[in-house]
Each structure stands twice: as C-alpha cells, then as structure tokens.
Amino acid sequence: MAETARFLIDRTDTPIGELVIVADREGHLRAVDWTEHEARMLQLLRLHYGEKGYALEAASDPGGLTATMRSYFSGKLDVIDTLPVRTAGTDFQREVWAALRSIPCGSTVSYSELARRIGRPAAVRAVGLANGANPVGIVVPCHRVVGANGALTGYGGGIQRKRWLLSHESRALPLLKS
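Going by an unreviewed UniProt entry, the chain carries the name Methylated-DNA--protein-cysteine methyltransferase and comes from Myxococcus fulvus. Recorded under Sequence similarities (unreviewed entry), the UniProt text for the chain is reproduced unchanged: "Belongs to the MGMT family."

Structure, rendered in structure tokens:
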C-alpha cells in the first residue's frame, strides 16, 4: 500500500480574494487556488494522489511559500519564477505546465502558440485542457494564455481575476527592470 503524502495548507489574503496554498514538507508547491474553489482543488488532489493518498495539515507559511505569494501580490513579480513546484499530472500536462513557466511576466501567448512551443501545433484543445488542469495557478502562469484574438478566456479563478493578474504584472513590470 502506498504511503500517504502529507501536505501543508495555508491561506493568505490577496487584493483579489483569499488564496489557498498547499505545499509538501520539502517546501515544494503542490497546489494553489482561491478559497471559493477549494473543493475543485481538493478534487484535483484526489485525482492525482488518490482518495486516501494525501492528508492536509494546517501550517503557517510552509516553506516560505505564503510569504512569497504575498510578495508577488505586493509587486515583486519575479519571486514566483523560481518557486519549487512539484505536481502530479500526466507527462503531457507537465510539459504544458513547464512551457507556461517560460512565458515572460507581462506578456501573453495564445493557446495555439503554446501548442506550437511544445512542438504539438495540432494539440491546441489538449493544451487548453492541460492549462485548465494546472494545480498551481499564478506560479505556473496559466493566466498568461489568451484566445487567438487576444480575448481573455478560460481562467479557473474567473475572468476578473485573470484581468487583474495581467494588469498587475503590466503595472509592476517596469519596477522589475529598474
């Protein structure tokens, strides 16, 4: 029988709602979601680790991840670039999620461009599904993916949050370059 994964869970307020942060004991980010979508996050954890394959334990700032997320929301955008992330998911999903992390802060790409970047230009729909299954939003910046016409589409936290995150990164980006 497989050992139960022990994850640490914390919460923090942000300008756009309360964020739930899940980490493992080694300090790797495992999941991030908004409080009102916590049931979805728990469902993803069950899908990836099994019904009894994980346990959550309340913790304060596990691995410094909560403080790092607060820094991101205060305008220090580059702090999320090197956060250690460890996710389950299929090989294809993890390939898409790795490509998401290569999208520069303050910019966007289309789903078709993301599919092209991973060498699978015909897999636009699959890329969209993998993007939607991303368990560590913001850090793996699925909000930086837009429709082919530039429209803000498909963000699990809601389009208003996607708009805010993109605006936040655009406003704070000049501070990173100075």
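Don't stop here, the text continues.
What follows concerns the overall build of the chain. Tallying secondary structure elements over the chain gives 6 helices and 6 strands in all. N-terminal to C-terminal, the α/β element order of the chain is β-β-β-α-β-α-α-β-α-α-β-α. In terms of overall dimensions, the chain is globule-like: its C-alpha atoms have a radius of gyration of 16 Å, near the 16 Å expected for 178 residues. Taken over the C-alpha atoms alone, the chain extends approximately 45 × 40 × 25 Å along its principal axes.

This paragraph deals with the packing of aromatic side chains. Each aromatic ring pair is described using two quantities: the centre-to-centre distance and the angle formed by the ring planes. Going through the model one piece at a time under the given rule, you end up with 5 aromatic pairs. A centroid spacing of 5.2 Å and a plane angle of 70° characterise the contact between phenylalanine 7 and tyrosine 49, whose relative ring orientation is edge-to-face. Linking phenylalanine 7 in strand β1 (residues 5-14) with tyrosine 49 in helix α1 (residues 38-49), this pair joins segments that are 42 residues apart in sequence. Looking at phenylalanine 7, the relative accessible area reads 1%, which means it is buried. Consider the rings of phenylalanine 7 and tyrosine 54, whose centres lie 6.4 Å apart with planes at 25°: the pair is stacked. Placement of the pair is phenylalanine 7 in strand β1 and tyrosine 54 in strand β4 (residues 54-58), with a sequence separation of 47 residues. The exposure class of tyrosine 54 is buried, given its relative accessible area of 13%. Taken together, the ring pairs in this structure connect Trp34, Tyr72, Phe73 and Trp164 into an aromatic cluster. Positioned above the aromatic ring of tryptophan 34 is the side chain of arginine 161, whose terminal nitrogen or guanidinium carbon lies 4.2 Å from the ring centre.

So, about the domain arrangement of the chain. Reports of interface size often rely on the accessible area that becomes lost once the parts have come together. Assigned domains within the chain: domain 1 (5-74) and domain 2 (91-172). For domain 1 versus domain 2, the distance between C-alpha centres works out to 20 Å. Across the contact, 17 residues belong to domain 1 and 16 residues belong to domain 2. A combined buried area of about 1400 Å² lies between domain 1 and domain 2, and 62% of that area is made up of carbon and sulfur atoms.

The set of residues buried in helix α2 (residues 65-73) consists of Leu65, Thr66, Thr68, Met69, Tyr72 and Phe73. Projected down its long axis, α2 carries its buried residues within an arc of 160°, all on one side.

Position of lysine 162 among the secondary structure elements: in helix α6 (residues 159-177). Notably, lysine 162 is buried but unbridged: the nearest opposite-charge side chain belongs to glutamate 169, and the N-O separation is 11 Å. The contact partners of lysine 162, leaving out residues within four places of it in the chain, are Tyr111, Cys142, His143, Val145, Val146, Leu152, Thr153, Gly154 and Tyr155.

Two side chains bearing opposite charge may form a pair once their charged atoms approach each other closely. All chains considered together, the criterion is met by 12 salt bridges. Between aspartate 91 and arginine 94 there is a salt bridge whose closest N-O contact spans 2.7 Å. Here aspartate 91 and its partner arginine 94 are both found in helix α3 (residues 91-101), 3 residues apart, which amounts to about one turn of the helix. Arginine 120 serves as the salt-bridge partner of glutamate 95, at 3.3 Å between the closest nitrogen and oxygen. On the criterion of sequence distance, the pair formed by glutamate 95 in helix α3 and arginine 120 in the loop between α4 (111-117) and α5 (124-132) is long-range, its members being 25 residues apart. We classify arginine 120 as partly exposed; its relative accessible area is 39%. Overlapping salt bridges, with partners in common, bring together Asp24, Arg30 and Arg86 in one network.

The rules behind each value
- Residues numbered from 1 in each chain as written.
- Predicted model: local features only at pLDDT ≥ 70, side-chain atom pairs only at ≥ 80, totals over all residues.
- Heavy atoms only, no water.
- UniProt positions renumbered as here; feature names shortened; annotations may be inferred.
- Helix = DSSP H or I, 4+ residues; strand = E, 2+ residues; numbered from the N terminus.
- Rg over C-alpha atoms; globule rule 2.2 N^0.38 Å.
- Phe/Tyr/Trp six-rings, centres within 6.5 Å; stacked < 30°, edge-to-face > 60°.
- Buried < 20%, exposed > 50% of the residue type's maximum accessible area, 1.4 Å probe, protein only.
- Lys NZ or Arg CZ within 6 Å of the ring centre and 35° of its normal.
- Domains from an automatic or database assignment.
- Contact = heavy atoms within 4.5 Å.
- Buried area = accessible area lost by both parts, 1.4 Å probe.
- Arc of directions from axis to C-beta.
- Lys, Arg positive; Asp, Glu negative; His and termini not counted.
- Salt bridge = Lys/Arg side-chain N within 4 Å of Asp/Glu carboxyl O.

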